[in-house]
Amino acid sequence: MHLQRKIMGFSRDVGRRLERALGDNVIGLYLHGSATMGAFQYLRSDFDMLAVVEEPLTKDEQRLVAELLMDPEMPCPGSGLELSIVTDASLDIESHSPPFELHLSTVPEARTFVDGHGHPGDPDLLLHYAVARARGKAISGPSPEEMFPLIPRSWVLEAMADELGWALANATPGYAVLNAVRALRYAYTGELVSKQEGAYWFFRLKKHMTPVRLALKQHLGRSEYGPTAEQAERVVGWVLDEISRVRMDLDEDEV
């Protein structure tokens, strides 16, 4: 309960700062990711949020958002804030790389601010929209189901497959393994879940149990050792084959 109060307190603080910067332009603010799935780890998990505005942001508004939300004195119960701001109109655009107004991160090793104007878009937003709609929480504004579009299942699977390729090349083996098992759960069941939920479900399959168990223990801070890169490649490779098979079945059903 204490952690949940911290999560909600920080969410409301983000809302107040956005209101100071953008006023009535803000339509809604949404929390998603581990914080809404019962899997948030204090000072370790990213604090994932989406904000929806009515009108595109001016340069002055962008600067003010950055000033207020990238304040180093702003306390965060997670590793840092990950926030994307999008327009309401952009949610109606069917795209594999949705447009955005800005993206910011205060995670120390990934601290960044990206101006979305003139940007080709962000394919990660597809998964963010899907997760926010299914498991998100409205801090202000309409419900997530009312606000965010229903992303076609084949698109979500494609985005997950792309993310797994990125994870193998750029992230830790444990991260890649846990993202693989939760992607597999979505492929099999259509359920969007946390890394932990994906791992506990995966154990029922009786496959690749050692690398998944190692990845989960490392993720939960119970061990400093995770799976090897070779183990991660085997798990991710098998999951990618399964995702490809499911996507082919979906394509056949649509014909």
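Above this text you will find the structure in question.
One numbering rule holds for all chains: residues counted from 1, following each sequence as written. Residues qualify for local features only when their pLDDT is at least 70, as the model is predicted, and side-chain atom pairs are given and counted only at 80 or more; totals for whole chains, interfaces and linings, by contrast, use all residues. The side-chain numbers reported here are obtained from all heavy atoms of the structure, hydrogens and water having been left aside.

Asks: Can you walk me through the packing of helix H3 (residues 124–135) against helix H5 (residues 153–170) in this structure?
Replies: When two helices pack together, their arrangement is given by the angle between their axes and by how far apart the axes lie. Across the interface, H3 lies against H5 with an axial gap of 9 Å and an inter-helix angle of 125°. On the basis of the axis angle, H3 is oblique to H5. At the point where H3 passes H5, the crossing takes the left-handed sense. Contacts between H3 and H5 involve Leu 126, Leu 127 and Ala 130 from the first element and Trp 155, Val 156, Ala 159 and Met 160 from the second. Each residue belonging to the contact of H3 with H5 can be placed in one class, and the counts come to 7 nonpolar, no polar and no charged. Lines fitted to the C-alpha atoms define the axes, with helices restricted to the stretch that makes contact. Angles between their N-to-C directions range from 0 to 180 degrees. Note on conventions: DSSP H or I runs of at least 4 residues are helices, E runs of at least 2 residues are strands, and numbering of each starts at the N terminus. Between 65 and 115 degrees an angle is taken as roughly perpendicular, under 35 as roughly parallel, over 145 as roughly antiparallel, and anywhere else as oblique. If you view the pair so one helix is near and one far, a crossing is left-handed when the near helix is turned anticlockwise from the far one by less than a right angle, and right-handed when it is turned clockwise. Contacts: residue pairs with any heavy atoms within 4.5 Å of one another. When residues are grouped by polarity, Ala, Val, Leu, Ile, Met, Phe, Trp, Tyr, Cys and Pro land in nonpolar, Asp, Glu, Lys and Arg in charged, and all others, Gly among them, in polar.

Asks: Looking at this structure, I do not really get the packing of aromatic side chains. What am I missing?
Replies: Pairing of aromatic side chains requires ring centres within 6.5 Å, counting the rings of Phe and Tyr and the six-membered ring of Trp. Pairs whose planes differ by under 30 degrees are stacked, by over 60 edge-to-face, and all others tilted. Scanning the model with the defined rule gives 8 aromatic pairs in all. Ring pairs connect the aromatic residues Phe 10, Phe 40 and Phe 47, which therefore count as one cluster. The rule is short: NZ of Lys or CZ of Arg within 6 Å of the ring centre and within 35 degrees of the ring normal puts a charge over the ring. Over the ring of Tyr 186 we find Arg 153; its NZ or CZ atom is 5.7 Å from the centre of that ring. It is Arg 213 that lies over the ring of Phe 203; its NZ or CZ is 5.2 Å from the centre.

Asks: I tried to follow the sheet that holds strand S5 (residues 112–115) on my own but got confused; where do I start?
Replies: Hydrogen bonds between backbone groups are what pair the strands of a sheet, and the pairing can be parallel or antiparallel. For two strands to pair, DSSP has to find at least two bridges joining them. Read from one edge of the open sheet, 6 strands run S5-S4-S3-S2-S1-S6, paired in mixed fashion. Bordering the open sheet on either side are S5 and strand S6 (137–140), each of which pairs with just one other strand. Looking at each pair of strands side by side, their axes are set apart by 15° on average, direction ignored. Of the pairings in the sheet, the one linking strand S1 (residues 26–32) to strand S2 (residues 46–53) comprises 6 bridges and is antiparallel in character. From the neighbouring strand, Val 26 faces S2, where its bridge partner is Val 53. Docked against the sheet, H3 engages S1, S2, strand S3 (80–87) and S6, running at close to 90° with respect to S2.

Asks: I tried to follow the pairing of S3 on my own but got confused; where do I start?
Replies: Working note: regular strand, side chains alternate between the two faces of the sheet. Only protein chains enter the accessibility calculation, which uses a 1.4 Å probe; a residue whose area is less than 20% of its type maximum is buried, one above 50% is exposed, and one in between is partly exposed. The buried fraction of S3 amounts to 8 of the 8 residues, a majority that puts the element mostly inside the structure. Burial of the side chains of S3 extends over both faces: Gly 80, Glu 82, Ser 84 and Val 86 are buried on one face and Leu 81, Leu 83, Ile 85 and Thr 87 on the other. For S2 and S3, the ladder comprises 8 bridges, and the chain directions are parallel. Looking at the pairing, Phe 47 lines up with Leu 81 of S3. Think of it like this: strands point away, you trace from the first strand over the helix to the second, and a clockwise trace means the crossover is right-handed. In terms of handedness, the path from S2 via helix H2 (residues 59–69) over to S3 forms a crossover that is right-handed. Both S3 and strand S4 (residues 102–105) contribute to a ladder of 4 bridges, which runs antiparallel. Within the sheet, the bridge partner assigned to Ser 84 lies in S4 and is His 103.

Asks: Explain the nonpolar core here, please?
Replies: For soluble globular proteins, the rule of thumb is that nonpolar side chains tend to be buried together. Residues enter a nonpolar core if they are buried and are Ala, Val, Leu, Ile, Met, Phe, Trp, Tyr or Cys, with the set joined through side-chain atoms within 4.5 Å. Within the largest apolar cluster, 49 residues are counted, with the highest numbers of intra-cluster contacts made by Tyr 129, Phe 148 and Ile 243. The element best represented in this core is helix H6 (residues 173–189), accounting for 9 residues. The residues touching Ile 243, leaving out its near neighbours within four places in the chain, are Leu 157, Ala 161, Leu 164, Ala 183 and Ala 187. Formed by 27 residues, the second largest nonpolar core is a distinct cluster that contains Val 65, Met 70, Ile 85 and Leu 104.

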